[in-house]
Structure formats: C-alpha cells, structure tokens
Amino acid sequence: MNVWQFLADFFVNVGAWMGELLSGWGLSPFWVSLIVKVVGGLALAIGPLTAVLFLIWYARKVIGRIQDRMGPTNDGTAAGPFALLQAVADAIKMLTKEFVFPKERDRVVFLIAPVLAVAVAVAVWAVIPFGPQGMQFVDLNIGVFYVVALASLAFFAMLMAGWSSHNKYANLGAFRAVSMIVSYEIPQMLALLVPVMLAGSMGMQGLVRAQEVPFIVMVPVPALIYFLAMTAEVGRLPFEQAEADAEIVAGYFVEYSGMLFGAFYLAEFINNLSASFVFTVLFLGGWRGPWVEQAPVLGLVWISLKAFLVFTLLTFFWGAMPRLRIDHILGFSWKFLTPLALVMLVVVALVDKAVQAAGLTSPWGRAGWLFLANAAVALVTVALLYRAERRQQAAREARRFAIVR
Amino acid sequence: MSQYALIGVYLIIALIFGVAPPLLAWFLSPKKPNPYKGEVYESGIKTFGPTWIRFKPQYYLFALAFLVFDVEAALLLPWAVAYLWLPLYAVIEAVIFILILVFGLVYVWRRGWLTWM
Amino acid sequence: MITVQQVVFALFAVLTLGGAIGVVAARKLFHAALWMVLAFFGVAGLYLLLEAPFFAALQLFIYIGGIAVLTVMAIMVTRGIMKPKEPVFTYAIGAAGTALAFLVMLGLFIFKTPVWDVAAPTGEVDPNGLRALGQALVSPSAYLLPFEVASVLLLAVLVGALFIAREKE
C-alpha cells in the first residue's frame with residue numbers, strides 16, 4: 001500500500017506492521033498480540049498525560065483572558081514561546097519539591113490515595129473509541145458502565161486522602177466533595193441511560209455507531225443534564241467542593257505537598273479531559289465526521305476536536321462562574337436534575353416507542369419527534385420554574401407588607 | 001474474557017503511571033525533616049479541639065439516598081440496553097418502576113428530609 | 001496442569017478472603033472499610049471469571065461506590081468511634097470454635113452433594129447477554145415481578161431510612 005493508504009488507517013497499520021515484525025522474529029502469536037497491545041496501551045496512557053500538559057497551559061490562558069489578564073506569558077525565562085512550557089515547568093517544580101508529611105498521617109493510606117486517583121483517571125481511556133475500528137484499546141460491551149464504575153473507586157481516593165491527612169479540614173473537605181459527587185452521580189447515570197436506550201448498547205463503539213444524528217440534537221435535555229452532572233463530577237466550578245480555595249483552603253488535599261499534590265492535580269485535569277471525551281462519545285457523535293470512512297485516522301482528529309470544544313466549555317465555566325454553596329449544589333441535584341432526568345427517561349422511552357410504532361424509522365424523523373418531546377419538557381419545566389419563582393416573589397412581597405403594617 | 005485480560009494489563013499500566021510521578025519525585029526531592037513541618041495545617045495556628053470532629057448526619061443521609069437511586073439506575077441499565085427490542089408493555093413496566101421511585105423522591109422532598117443544613 | 005484460569009481464580013479468591021479477614025482484624029475502623037473495598041474488588045474479579053462482566057462492574061458501582069461509601073459515612077457520623085481501640089472480645093475462643101464447626105459442616109455438605117459436574121466456562125462473553133438480561137427483567141414470564149417488587153423495596157428503604165435519620169425539629 002502506498003503512503004496515503006498507510007496513513008489513512010495509521011494506528012491499525014502500525015499495529016499490523018509491529019505484529020509482522022515480531023512474528024518475523026519468531027515469537028508465538030500470543031506474545032505478538034500481547035506485546036503489540038502493551039505498546040498500544042502505553043501509547044494510550046501517555047496520550048492524555050501529554051495532552052494535559054498542553055491543556056493546563058490552555059486553561060490558564062483562557063481563564064486569564066476571561067479575567068482580563070494575560071495568563072502565563074513568555075517573559076524571557078525558560079517557559080517557551082507563549083509560555084507553552086508552563087505546565088512542564090510546573091511539573092518539574094513539583095517533582096523536585098520536598099515531601100512534607102503531617103506527622104500523624106496514616107502512612108499507607110496517605111500514599112495510596114494519589115496513586116489511586118491517577119490510576120483511575122488513566123484507566124478510563126481503555127474504552128474510548130478513537131476511530132471506526134481497531135482504534136480502541138478494548139471494546140467492552142459494558143463500555144459506559146466501566147467508566148462509571150471506575151468513578152466509584154475515585155470516591156475512595158478522596159475519602160482516603162481526607163481521612164489519612166489527620167486534619168479536620170481535609171476530612172471535612174473530603175466528605176463534602178464525596179457528598180457532592182455522589183449526589184450528581186445519579187442524574188449523570190439517569191441521563192446516560194437515554195443514549196444507551198436509543199443506541200441499544202452500552203459499548204462505546206455501539207454508541208457512536210448509533211449516532212447518525214448526534215444525540216445532542218435528538219435529546220438535548222438529557223445532554224444538558226449529563227453535562228451539568230459531569231461538571232460536578234469532575235469538580236469544576238460552579239460545583240467545586242474539592243479545592244474550595246476560599247472556604248477550606250485546599251480541601252482534602254491540603255496536607256499533600258509536591259508531587260503528591262501534583263498527582264491529584266494531574267488526576268483532576270485528566271478527568272476533565274476524559275469526561276469531555278465521554279461526553280463527545282455519548283452525545284456529540286464521537287469519532288464521526290467527514291471522510292472518516294475513507295481515512296479512519298481522521299476519527300482521532302474529529303473526536304479530539306469535539307472533546308476539546310467540550311473541555312473549552314468546561315474551562316469557560318471555571319473562569320466565569322462563582323462557587324455555589326454546598327446546600328444549593330445538593331438541592332440542585334436532588335430537587336431539579338434528578339426529577340428532570342427521571343421525567344426525561346420516561347418521556348423519551350414512551351415517545352420513541354410511539355415513533356417506532358408509527359413507523360417513522362428514518363433517523364431524522366425519529367430525531368425530530370424526540371427533539372420536539374424534549375422541547376416540550378423543557379418548556380414545561382421553565383414554566384413551572386417561572387411559576388414557582390412568582391409564588392416565592394409573592395410570598396416575599398407579602399412578608400414585606402406584613403412588616404410595614 | 002480475553003478482553004478483560006487486556007483490561008487487566010491496561011490497569012497495570014495505569015497503576016504504573018500512578019506510581020511513577022510520586023516515586024520519581026521521591027528520588028528527586030530534598031529531604032530535610034523538621035518537627036514544625038509535621039504540624040497539621042490550620043492557617044498558621046496550632047490546632048485546637050479534637051481532630052476527629054463529629055460530622056453532621058446529613059452526609060450519611062445523602063449517601064443513603066444516593067445508594068437507593070444508584071441501585072435503581074443500575075437495575076434500569078439492562079432494560080435500557082434491551083429497550084429497542086422491547087414491546088410497549090415492557091416499557092410501561094419500567095416506567096412504573098421509575099414512577100414508584102419518583103414518588104419516593106417527591107415524598108421525601110416534601111417532608112423536608114432532603115435539606116442540607 | 002495449572003491453567004491460567006485457576007491462577008487468576010486463586011488470585012481473586014485470596015484477595016476476597018484476605019480483604020474479609022482484614023475487615024475483622026483491622027485496628028482502625030477506617031482501615032476495616034478499606035479492606036472491605038478490597039474484598040469487594042475480589043468478588044468483582046470472581047464475577048469476571050464467571051463471564052458476568054456486567055455484574056463485576058455492578059459490584060464496583062454499587063458495593064464499592066455505594067455501600068462502602070455509606071459505611072465510611074456512617075463511621076464518621078457516629079460519635080466516639082474513631083478512637084483506635086484494642087479489639088475487646090473475650091469470647092474469641094468460643095467464637096472461633098463455633099465458626100470452625102460451621103465451616104466443617106458446610107464443607108462436608110458441599111463436598112458430599114454431587115454438583116461438581118458443571119461445564120467449565122468457555123471464556124467468551126455472550127454479546128447479547130445484556131439485552132437478554134434486560135428483556136428478562138421486564139418479561140412477565142421471567143423476572144418482572146421481582147423487578148417491580150425491587151422498586152417497592154427501594155421505596156421502603158428510601159422513605160424508611162430518611163425517616164429514621166431525619167432532622168428532628
């Protein structure tokens with residue numbers, strides 16, 4: 001095959017080439033495939049790590065601009081053109097900082113927590129589909145569920161960090177963060193059920209393949225619910241309890257110094273990126289895009305572009321929003337997102353069956369009806385909120401007049 | 001199953017990536033222990049009061065409500081996967097399942113047991 | 001000949017049992033919770049060996065993400081429970097003896113009953129397994145009734161537990 005054909009399906013072809021090379025050296029097929037997969041896995045794990053170095057710089061620049069300042073700039077020091085190497089400099093700094101441990105910490109647990117946090121963040125990438133075939137580490141049939149189940153382990157990393165620091169603020173911070181994340185796990189799961197329903201599969205490839213019409217167009221309300229819940233899950237403002245700078249200093253990682261803190265920081269950024277990729281797969285059509293069928297490697301480009309947009313949106317949230325109070329945060333999840341998600345689930349289930357029964361199986365026809373149903377629910381919700389607000393306003397007015405009298 | 005063996009391999013890789021930075025930092029960082037550095041951080045003042053304070057029951061409440069809805073969502077997952085092949089009555093049955101729990105949520109909310117502070 | 005499956009099984013079994021022992025033997029309650037997480041992890045691995053990846057993930061999601069977290073919250077909310085105490089248990093010998101007796105009885109029962117000729121798992125996950133499970137959960141001839149009863153049970157748990165734990169005026 002010529003150069004263009006090789007490049008068109010780059011990763012699969014490289015894998016095949018490596019496989020042939022190794023077979024040529026006389027290794028049995030089992031070892032060949034294992035080694036190829038391990039190399040692939042290493043490349044996959046390194047990907048987000050290097051992406052994060054760029055994204056940390058990107059986030060700080062964007063937030064700087066939102067706050068009407070420059071963000072990291074090149075002032076002649078070794079931070080590279082436009083200070084692109086800022087994150088690298090940060091990493092080097094953290095690697096060489098002294099480990100300051102609180103003397104009464106629980107040694108083993110204290111050290112496990114950051115390792116677990118990073119491991120879980122990296123582990124998610126195994127199921128992300130970067131292209132039509134062969135560009136995914138493993139296509140588990142429980143794809144999305146695997147991602148969600150890993151998050152459960154992340155809860156524990158937080159609890160361990162908070163508890164083992166032997167610091168009441170760290171502990172408190174950990175519990176608040178876990179309460180928040182756990183509360184938003186529910187609307188996230190419920191909203192996630194909608195794409196699974198429409199695609200008939202939990203597998204990530206299955207979800208992408210079912211999106212001739214991206215699900216964000218078909219079911220925008222669950223997409224919105226999922227987006228908000230995801231923002232809380234990754235600890236982005238306005239739902240930030242983990243690092244609540246002005247409230248409890250650095251929350252549950254207050255006693256962690258140097259690279260141990262760096263590990264949590266890294267894990268947080270990787271999580272932001274993975275969440276963006278998962279959202280892209282669930283609602284934005286994953287690797288779909290022009291010319292993907294001819295050149296599968298473009299799948300990587302499309303999914304990365306879309307995920308980058310989502311990440312940018314998350315960064316805008318970070319720069320532009322204040323932190324909400326914990327009771328408001330929890331109220332918003334339990335009293336708004338969860339009921340709304342449940343209602344949406346019921347509505348989509350019924351409408352889609354009705355559409356199937358009426359015989360409208362073309363993707364755009366189905367999408368249109370579902371979109372209308374979503375819009376209807378959205379309008380009803382806004383109307384209800386408006387009425388509730390009016391009632392509260394009236395109650396406030398009544399109280400004011402009562403005092404005057 | 002070979003899929004999960006691969007996942008196992010990947011998890012080991014992920015774990016290595018988790019251990020590597022702190023390990024590297026351990027070798028590269030200076031070690032100058034000092035008793036003051038070991039003090040618990042409380043904005044510069046010496047800690048007072050017991051370090052394990054008692055937490056509000058609300059944390060437990062929310063974890064509990066979470067667990068109930070967690071199980072509900074998990075039970076709905078296989079139904080969601082099978083959805084496209086299910087007849088209407090099967091969908092209605094799941095809707096009943098959901099509505100029972102919506103009722104529970106609304107009830108608990110109205111009674112005011114879902115407040116934080 | 002020891003197969004890979006046996007090795008992996010042994011690994012997960014040790015993880016589960018070790019975790020369980022850790023729960024009982026830990027000095028600090030928080031450590032006990034962490035050992036419990038390890039035991040749950042082992043169980044998830046055993047589910048994988050039984051070709052039930054959905055249940056393995058379910059184990060992580062519900063048991064570790066839900067029950068273990070709840071346990072930790074319960075520990076923290078309880079007064080005076082965090083002081084590491086020496087385990088005070090004067091009936092240790094009696095308890096160990098009783099447990100051993102039960103174990104022997106159970107073992108005899110298991111080994112005497114001829115249920116060992118079950119086909120070994122083929123090692124392949126049924127691609128339509130999840131769909132079949134979903135269909136089974138809502139079909140009247142299969143698991144519909146337990147499915148609906150489960151929702152009522154969850155309702156009872158939700159209302160009951162929040163009632164008990166509510167803020168009293």
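Residues numbered from 1 in each chain as written. Chains lettered and ligands numbered in written order. Predicted model: local features only at pLDDT ≥ 70, side-chain atom pairs only at ≥ 80, totals over all residues. Heavy atoms only, no water.

Points about the overall build of chain A
Scanning chain A for helices and strands turns up 15 helices and zero strands. Taken against the 2.2 N^0.38 rule, which gives 22 Å for 405 residues, the C-alpha radius of gyration of chain A at 24 Å falls within 12% of a compact globule. In terms of overall dimensions, chain A has a C-alpha envelope of 95 × 70 × 40 Å along the principal axes. A total of 405 residues make up chain A; the buried ones form 59% of that total. Here chain A displays about 16500 Å² of accessible surface, and carbon together with sulfur accounts for 70% of that area. (Helix = DSSP H or I, 4+ residues; strand = E, 2+ residues; numbered from the N terminus. Rg over C-alpha atoms; globule rule 2.2 N^0.38 Å. Buried < 20%, exposed > 50% of the residue type's maximum accessible area, 1.4 Å probe, protein only. Areas by Shrake-Rupley, 256 points an atom, 1.4 Å probe, with all protein chains shown as cover.)

Some words on the interface of chain A and chain B
At the junction of the two partners, chain A supplies 81 residues and chain B supplies 69 residues. Buried area between chain A and chain B, both sides added, is near 6600 Å², and the carbon and sulfur share of it is 78%. Interface area lost by chain A to chain B is led by Lys168(A), Trp334(A) and Lys353(A), which between them contribute 12%. Counting the contacts that link chain A with chain B gives zero salt bridges. If you look at where chain A meets chain B, you find four residue pairs in polar contact (both at pLDDT 80 or more). (Contact = heavy atoms within 4.5 Å. Buried area = accessible area lost by both parts, 1.4 Å probe. Salt bridge = Lys/Arg side-chain N within 4 Å of Asp/Glu carboxyl O. Polar contact = N/O pair within 3.5 Å; in protein donor to acceptor, adjacent residues only side chain to side chain.)

Comments concerning helix α1 (residues 4-25) of chain C
Residues that lie three or four places apart on an α-helix share one face, since the helix turns once every 3.6 residues. All names here are of chain C. Here α1 contains 22 residues, and its C-alpha end-to-end distance of 31 Å stays within 8% of the 32 Å for a straight helix at 1.5 Å per residue. Along α1, the positions that sit buried rather than exposed are Phe12, Ala13, Thr16, Gly19 and Gly22. For α1, the secondary structure elements touched by its buried residues are α2 (29-49). (Expected span 1.5 Å × (residues − 1).)

Regarding the packing of helix α2 (residues 57-82) of chain B against helix α5 (residues 129-138) of chain C
The interhelical angle for the contact between α2(B) and α5(C), taken along N-to-C directions, is 110°, at an axis separation of 7 Å. With respect to each other, α2(B) and α5(C) are oriented roughly perpendicular. When α2(B) is examined against α5(C), the residues Leu75(B), Pro78(B), Trp79(B), Val81(B) and Ala82(B) are found in contact with a partner set consisting of Leu130(C), Arg131(C), Leu133(C), Gly134(C), Gln135(C), Leu137(C) and Val138(C). When the residues that make up the contact of α2(B) with α5(C) are grouped by side-chain class, the tally is nine nonpolar, two polar and one charged. (Axes fitted to C-alpha atoms, helices over the stretch in contact; angles between N-to-C directions. Parallel < 35°, antiparallel > 145°, perpendicular 65-115°, else oblique. Nonpolar A, V, L, I, M, F, W, Y, C, P; charged D, E, K, R; others polar.)

Focus: the pattern of salt bridges
All names here are of chain A. One pass over the full model with this rule turns up three salt bridges over all chains. For Arg366, the salt bridge is made with Asp352, and the minimal N-O distance between the two is 2.9 Å. In this pair, Arg366 sits in helix α15 (residues 363-404) while Asp352 sits in helix α14 (residues 326-357), placing the two residues 14 residues apart along the sequence. Note on Arg366: relative accessible area 12%, which makes it buried. Taking the shortest distance from any N to any O, the salt bridge between Glu397 and Arg400 comes out at 3.3 Å. Of the two residues, Glu397 and Arg400 are both situated in helix α15; the distance of three residues between them amounts to about one turn of the helix.

Considerations on helix α1 (residues 2-28) of chain B
Residue and element names in this part refer to chain B. Its 27 residues place the ends of α1 39 Å apart at the C-alpha level, agreeing with the 39 Å of an ideal helix rising 1.5 Å per residue. Its maximal kink placed at Ala20, α1 deviates by approximately 30°, while the proline Pro21 follows within four residues. Residues Tyr4, Leu6, Ile7, Tyr10, Ile13, Ala14, Phe17, Gly18, Pro21, Pro22 and Ala25 constitute the buried set of α1. (Bend = angle between axes of the 7 residues up to and from the residue.)

Section: unusual backbone geometry
Backbone geometry places Asp68(A), a non-glycine residue, at a positive phi of 60°. Take Asp68(A): it is sitting in the loop between α3 (29-66) and α4 (86-95). Under the relative-accessibility criterion, Asp68(A) is labelled exposed at 73%. In this structure, Glu51(C) is a non-glycine residue whose phi angle is positive, near 60°. Structurally, Glu51(C) can be placed in the loop between α2 and α3 (53-77).

Some words on the environment of Leu337(A)
Positionally, Leu337(A) belongs in helix α14. The contact partners of Leu337(A), leaving out residues within four places of it in the chain, are Tyr184(A), Pro187(A), Ile225(A), Leu228(A) and Phe332(A).

Overview of the side chain of Thr280(A)
Residues and elements named next belong to chain A. With respect to the helices and strands, the residue Thr280 is situated in helix α12 (residues 258-283). Given a relative accessible area of 0%, Thr280 falls into the buried group. In contact with Thr280, not counting residues within four places along its chain, are Gly285, Gly286, Ile303, Lys306, Ala307 and Val310.

Overview of the confidence of the model for chain B
Residue and element names in this part refer to chain B. Chain-level pLDDT for chain B is 79 on average; 78% of the residues reach the 70-or-more range. Per-element averaging of pLDDT across chain B places α1 at the bottom with 83 and helix α3 (residues 88-110) at the top with 89. Throughout residues 44-50 the model reports pLDDT below 50, and contacts reaching past four residues in sequence, or to other chains, amount to seven contacts. Both scores are given for the predicted complex: the pTM is 0.89, the ipTM 0.85. (pLDDT = per-residue confidence, 0-100.)

Topic: the interface of chain B and chain C
A common way to express how large an interface is: the accessible area buried when the components associate. Contacts between chain B and chain C engage 46 residues on the former and 45 residues on the latter. Roughly 4300 Å² is buried in total at the junction of chain B and chain C, and carbon and sulfur atoms are behind 81% of that figure. Our count for the chain B to chain C interface comes out at zero salt bridges. The interface formed by chain B and chain C holds zero residue pairs in polar contact (both at pLDDT 80 or more) in total. Of all the elements in the fold, those that place two or more residues in the side of chain B that touches chain C are α2 and α3 of chain B. Take the side of chain B that touches chain C: its biggest share by element is 23 residues, from α2(B).

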